[in-house]
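# Coordinates in review
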Amino acid sequence: MTNLEGRVLRRRRAFAPPPGVLTDIEVLCELARRMGKGQFFTFNGARQIFAELRQASAGGIADYSGITYEKIEATGGVFWPCPAEDHPGTPRLFQYSFPTPTGKARFHAIRHQLPAEVPDADYPLYLTTGRVLAQYQSGTQTQRITQLREMAAEPFAEIHPSTARRYEIADGDTVALKTRRGTAIFKIKATTNIREDTIFVPFHWSGRQSVNRLTNPALDPLSRMPEFKVCAVRIKSITQTAVEDML
């Protein structure tokens, strides 16, 4: 695998799959066979596939041709591009130049823009979302594992203690978070690790505990990425909120 810093590492199999369960390699090779292209997918293991990646990437921007299993073992990981087996790898990709005609980076000045939605009198706090260690994305796989469910059984609304006191709520209380798009229900987790004007909620759950019901689909004007990470929200104790407002 290649991590975010460009270091190529080895991940080893923890244990053999149960009888009748195919590996990813076996699944892909069988799909190729059924589509009449099996002669191009005659792999017996990951090392063979990596050897083809080395050959296919040789001379390209992401050159893996100089990376071998033995070299990864000896160095604790090799940074791509690595165009030859005697090459040390490239820990800092743009240390000396950039892939432009002049070798210099191009800078583009932009003006700061506020998010499409900022706190106001009706929705006085920021809402942001993210991950927790024990769950992944929508939890389709991780929420089936008992140990991970025990580590993170349900989502929470992380809030600063001073903000919680202002709204007369305490750690462990159940609250409703409401934005202009919907309402969701969470338990409070008071922590000083968050800003006083912000609430954080992980996004791995669905139903009435889905924070994705609250986020803003407004698009960034340049990247066209949606602003799922910031919107305006208000918070109320569940006892102060009518049932119809929570659904």
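Throughout what follows, the structure given in this document is the object of discussion. (Residues numbered from 1 in each chain as written. Predicted model: local features only at pLDDT ≥ 70, side-chain atom pairs only at ≥ 80, totals over all residues. Heavy atoms only, no water.)

Now for the overall build of the protein chain. On a plain count of helices and strands, the protein chain comes out with six helices and eight strands. In terms of C-alpha radius of gyration, the protein chain reaches 25 Å, well past the compact-globule figure of 18 Å for 247 residues. Reported as C-alpha extents along the three principal axes, the dimensions of the protein chain are approximately 65 × 55 × 35 Å. Looking at the protein chain residue by residue over its 247 residues, the buried ones come to 34%. Here the contacts in the protein chain between residues at least 6 apart in sequence split such that 60% fall between residues at least 24 apart. Summing over all exposed atoms, the protein chain offers an accessible surface of approximately 16800 Å²; the carbon and sulfur share of this is 55%. Distance from the positive charge centre (32 side chains) to the negative charge centre (25 side chains) of the protein chain: 3 Å. (Helix = DSSP H or I, 4+ residues; strand = E, 2+ residues; numbered from the N terminus. Rg over C-alpha atoms; globule rule 2.2 N^0.38 Å. Buried < 20%, exposed > 50% of the residue type's maximum accessible area, 1.4 Å probe, protein only. Contact = heavy atoms within 4.5 Å. Areas by Shrake-Rupley, 256 points an atom, 1.4 Å probe, with all protein chains shown as cover. Lys, Arg positive; Asp, Glu negative; His and termini not counted. Charge placed at Lys NZ, Arg CZ, Asp CG, Glu CD.)

Each neighbour pair has its own omega, and for Trp80 with Pro81 the value is -5°, a cis peptide bond. If you trace the backbone, Pro81 turns up in the loop between β2 (78-79) and β3 (125-130). The phi dihedral of Glu168 is positive, around 60°, even though this residue is not glycine. Considering the arrangement of structural elements, one finds Glu168 in the loop between α5 (161-166) and β5 (174-178). Within the chain, Arg224 stands out as a residue other than glycine whose phi angle is a positive 65°.

As defined by bridge partners, β3 adjoins strand β8 (residues 231-237) across three bridges and the pair is classed as antiparallel. Considered in β8, the bridge of Leu127 is made with Cys231. Here five bridges tie β3 to strand β7 (residues 198-202), and the two strands are oriented parallel to one another. Each bridged residue has a counterpart across the sheet, and for Thr128 the counterpart in β7 is Phe200. (Pairing = 2+ DSSP bridges.)

Before going further, it helps to spend a moment on the environment of Gly59. Within the secondary structure layout, Gly59 lies in the loop between α2 (46-57) and α3 (69-75). Judged by its relative accessible area of 74%, Gly59 is exposed. C-alpha of Gly59 to C-alpha of Pro81: the two residues are 22 residues apart in sequence and 9.3 Å apart in space.

Following the sequence through the fold, Thr191 ends up in the loop between β6 (183-190) and β7. Classification of Thr191 by relative accessible area gives buried; the value is 12%. Here Asn193 takes part through its backbone nitrogen, which lies 3.0 Å from a polar atom of the side chain of Thr191. If sequence neighbours within four positions are ignored, Thr191 has contacts with Glu158, Ile159, His160 and Pro161. (Polar contact = N/O pair within 3.5 Å; in protein donor to acceptor, adjacent residues only side chain to side chain.)

This next bit is on the layout of surface pockets. Within this model, the largest pocket holds a volume of roughly 790 Å³. Lining the largest pocket are 27 residues, with Arg11, Ile25, Gly45, Ala46 and Tyr69 positioned closest to its centre. Of all elements in the fold, only α1 (24-34), α2 and α3 reach the threshold of two or more residues within the lining of the largest pocket. Tallied by class, residues from the lining of the largest pocket come to 17 nonpolar, four polar and six charged. Its volume calculated, the second largest pocket comes out at about 280 Å³. For the second largest pocket, the lining is made up of 13 residues, of which Arg111, Gln113, Leu114, Asp220 and Pro221 are closest to its centre. When grouped by side-chain class, the residues that make up the lining of the second largest pocket number eight nonpolar, two polar and three charged. (1 Å grid on protein atoms, 1.4 Å probe; cavity = no way out; pocket = protein on both sides within 12 Å on 5 of 7 lines; lining within 4 Å. Points joined across faces, edges and corners; volume = space filled by probe spheres on them. Nonpolar A, V, L, I, M, F, W, Y, C, P; charged D, E, K, R; others polar.)

The next point concerns the nonpolar core. Counting residues in hydrophobic clusters, the biggest one holds 19 residues, and the most contacted among them are Leu127, Leu177, Ile199, Val201 and Ile235. The set of elements that each furnish at least two residues to this core consists of β3, β4 (156-159), β5, β6, β7 and β8. (Core = buried A, V, L, I, M, F, W, Y, C linked by side-chain atoms within 4.5 Å.)

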